[in-house]
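# Architecture and fold: a report
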Amino acid sequence: MDLIIRQGNLPDGRCGLDIGVLEGRIVAIAPHIEATATREIDATGRLVSPPFVDAHFHLDSALTYGQPRVNESGILLEGIALWAELKPTLTQDAIIERALRYCRLAARQGLLAIRSHVDTSDDRLLGVEALIEVRRKVAPFIDLQLVAFPQDGLYRNPAGEQNLLRALDLGVDVVGGIPHFERTMAEGARSVTRLLEIAAERGLRVDLHCDETDDPMSRHVETLAAETIRFGLQGRVAGSHLTSMHSMDNYYVSKLLPLMAEARLAAIANPLINITLQGRHDTYPKRRGMTRVPELLAAGVDVAFGQDCVLDPWYSFGNADMLDVAHMGIHVGQMTSQAAIRQAYASITEAPARILGHRDYGIQAGNPANLIILDAPDVFHAIRLRAPRLQVLRRGQILCEQVATPDDPDLAFAS
Ligand code: FE2
């Protein structure tokens, strides 16, 4: 074999397994593989995980912190104003340079698949062309999926629909939208129908920024689920943010959750962003704003945690670490049971992989050997410590490597 990773622990709780890799694929998983290999990695007592997947990101604005100035107030409206100031000054080269820098950072953190929205509002489609080029350049180490995102509205921006269609013609993968930003609820609902129609015609997946508001009457998610069923797009549509669900009446939600499950609509929460941007009109008590993650999971809805922003007009923090995202998701959603902690880990690994449509994801014989080895014994400690990623492997090749940190006395205590 080319590589054997010895005695690792898997995210599902299995311990002490060898993983054999040949020609970039996993060929064996067993308590002990007799064969020898060109290279062996001792992963005794360490977590061997499939790579992280970020189901919601904005690569066109990432790493622009401070350009042309920082968001002094830290609120959404100043972020929007700042993006409007920045957009006319953007160049394709600058977008590509920043996006590549981000992707290299992401790979070091074991983040090897990203779904990025790309703003299609600008008639020049600068960001679209830039990120299509980035998708090609990073393909050896990151699966980048692009969403055509009409940030200024499909209808509210007179060129919204035309630009979105142009972006799809250029090869953007997924249909995006922002129904709660259209002028009226009716126009927002109409945009949902039109976007699903476009996706059905073109055989594409859908991922809308949906109901990213504290308004409990923002109910585009209901239209999204119902129209998903009508267009036969079950399992291919995601609602991102869905923060209005936090503020909705419980009785209404008891009807909404089964409808979402019926439509096999996926939910993508962005805990870092939602906890900072939602509830900002509240005094006290102050709403957390994140969608109802535990309840969605209990209803059988696929839930991913996304990162949304890193060092951009809307969010000044972040470092491409999906363990940070899961850590925040656990706290905001009060997901502290052992089962919920495992679900939170799934929300940055297998759930977003399903949402992105990756069929060969996971530690299974026959799949590409995309793996990360973490300096932690299990998913709980991986999240607790935001554990160092000792090796990041892509198709059996080591992308990044770092030395282990000295033994953590707490870990010894825990084991
Ligand atoms: Fe977003």
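Scroll up for the structure.
This one's a predicted model, so the numbers in the text were calculated from it and none came from an experiment.

In this section: the coordination of the iron ion. Around a metal, the perfect tetrahedron of four donors has angles of 109.5 degrees, and the perfect octahedron of six donors has angles of 90 or 180 degrees. Of the protein atoms, only His-56 (NE2), His-58 (NE2), His-209 (NE2) and Asp-308 (OD) coordinate the iron ion, at distances of 2.2 to 2.4 Å. Around the iron ion, the 4 donor atoms sit at angles spanning 85 to 178 degrees, and that spread fits a shape best called irregular. The sequence pattern formed by the donor residues of the iron ion is H-x1-H-x150-H-x98-D. One end of the pair, His-58, is in strand β6 (residues 52-58); the other, His-209, is in strand β10 (residues 205-210), with 151 residues separating them in the sequence. The exposure class of His-58 is buried, given its relative accessible area of 9%.

Next up on the list: the packing of helix α5 (residues 185-202) against helix α6 (residues 220-230). Their axes nearest at 10 Å, the elements α5 and α6 cross at an angle of 30 degrees. Comparing their axes, α6 and α5 come out roughly parallel. Considering only the axes of α5 and α6, their crossing is right-handed. Within the contact between the two elements, α5 uses Met-185, Gly-188, Ala-189, Val-192, Thr-193 and Leu-196 and α6 uses His-220, Thr-223, Leu-224, Glu-227, Thr-228 and Arg-230. Its residues assigned to classes, the contact of α5 with α6 shows 5 nonpolar, 5 polar and 2 charged.

What the rule picks out here adds up to 4 aromatic pairs. Judged by centre distance (4.4 Å) and plane angle (20 degrees), the ring pair of Phe-57 and Tyr-102 falls under stacked. Taken as a pair, Phe-57 in strand β6 and Tyr-102 in helix α2 (residues 92-108) lie far apart in primary sequence, 45 residues in all. Like Phe-57, the residue Tyr-102 is buried in the burial classification. Here Trp-83 and Trp-314 contribute two aromatic rings whose centre-to-centre distance is 5.7 Å and whose plane-to-plane angle is 55 degrees, an arrangement assigned as tilted. Placement of Trp-83 in helix α1 (residues 76-86) and of Trp-314 in the loop between β13 (303-305) and α11 (322-332) is noted, with a sequence separation of 231 residues between them. On the accessibility criterion, Trp-83 (5% relative accessible area) is buried. Here the basic side chain of Arg-219 rests over the ring of Tyr-252, its NZ or CZ set 3.7 Å away from the ring centre.

Okay, the side chain of Glu-212 next. By secondary structure assignment, the location of Glu-212 is in the loop between β10 and α6. One buried charged residue, Glu-212, remains without a salt bridge, the closest side chain of opposite sign being Arg-280 at 12 Å. Here His-241 takes part through its side chain, which lies 3.4 Å from a polar atom of the side chain of Glu-212. If we ignore the near neighbours within four places in the chain, the residues touching Glu-212 are His-180, His-241, Thr-243, Asn-274 and Gln-278.

Let's shift gears to the nonpolar core. In this structure, Tyr-102 and Val-134 are the most contacted members of the largest nonpolar core, which totals 103 residues. Tallying contributions element by element places α2 first for this core, with 8 residues. Shared between two domains, this core holds at least three residues of each, these being domain 1 (3-50 + 362-413) and domain 2 (52-356). Discounting chain neighbours no more than four positions away, the residues touching Tyr-102 are Phe-57, Leu-59, Ala-62, Leu-63, Leu-111, Ile-114, Gln-307, Val-310 and Ala-320. Within the second largest apolar cluster, 15 residues are counted, among which are Leu-3, Val-48, Ile-363 and Leu-371.

Let us now look at the pattern of salt bridges. For the coordinates displayed, the defined rule picks out 26 salt bridges. Ionic pairing is found between Arg-136 and Glu-133, a salt bridge with its closest N-O pair at 2.8 Å. In this pair, Arg-136 and Glu-133 both sit in helix α3 (residues 126-138), 3 residues apart, roughly one turn of the helix. Judged by its relative accessible area of 24%, Glu-133 falls in the partly exposed class.

What counts, and where the lines are drawn
- Residues numbered from 1 in each chain as written.
- Predicted model: local features only at pLDDT ≥ 70, side-chain atom pairs only at ≥ 80, totals over all residues.
- Heavy atoms only, no water.
- Donors = N, O, S within 2.8 Å, 3.2 Å for Na, K, Ca; no water.
- Tetrahedral: all angles 85-135°; square planar, octahedral: opposite > 155°, others 65-115°.
- Helix = DSSP H or I, 4+ residues; strand = E, 2+ residues; numbered from the N terminus.
- Buried < 20%, exposed > 50% of the residue type's maximum accessible area, 1.4 Å probe, protein only.
- Axes fitted to C-alpha atoms, helices over the stretch in contact; angles between N-to-C directions.
- Parallel < 35°, antiparallel > 145°, perpendicular 65-115°, else oblique.
- Left-handed = near helix turned anticlockwise from the far one by under 90°.
- Contact = heavy atoms within 4.5 Å.
- Nonpolar A, V, L, I, M, F, W, Y, C, P; charged D, E, K, R; others polar.
- Phe/Tyr/Trp six-rings, centres within 6.5 Å; stacked < 30°, edge-to-face > 60°.
- Lys NZ or Arg CZ within 6 Å of the ring centre and 35° of its normal.
- Lys, Arg positive; Asp, Glu negative; His and termini not counted.
- Salt bridge = Lys/Arg side-chain N within 4 Å of Asp/Glu carboxyl O.
- Polar contact = N/O pair within 3.5 Å; in protein donor to acceptor, adjacent residues only side chain to side chain.
- Core = buried A, V, L, I, M, F, W, Y, C linked by side-chain atoms within 4.5 Å.
- Domains from an automatic or database assignment.

In short, geometric facts, not functional conclusions.
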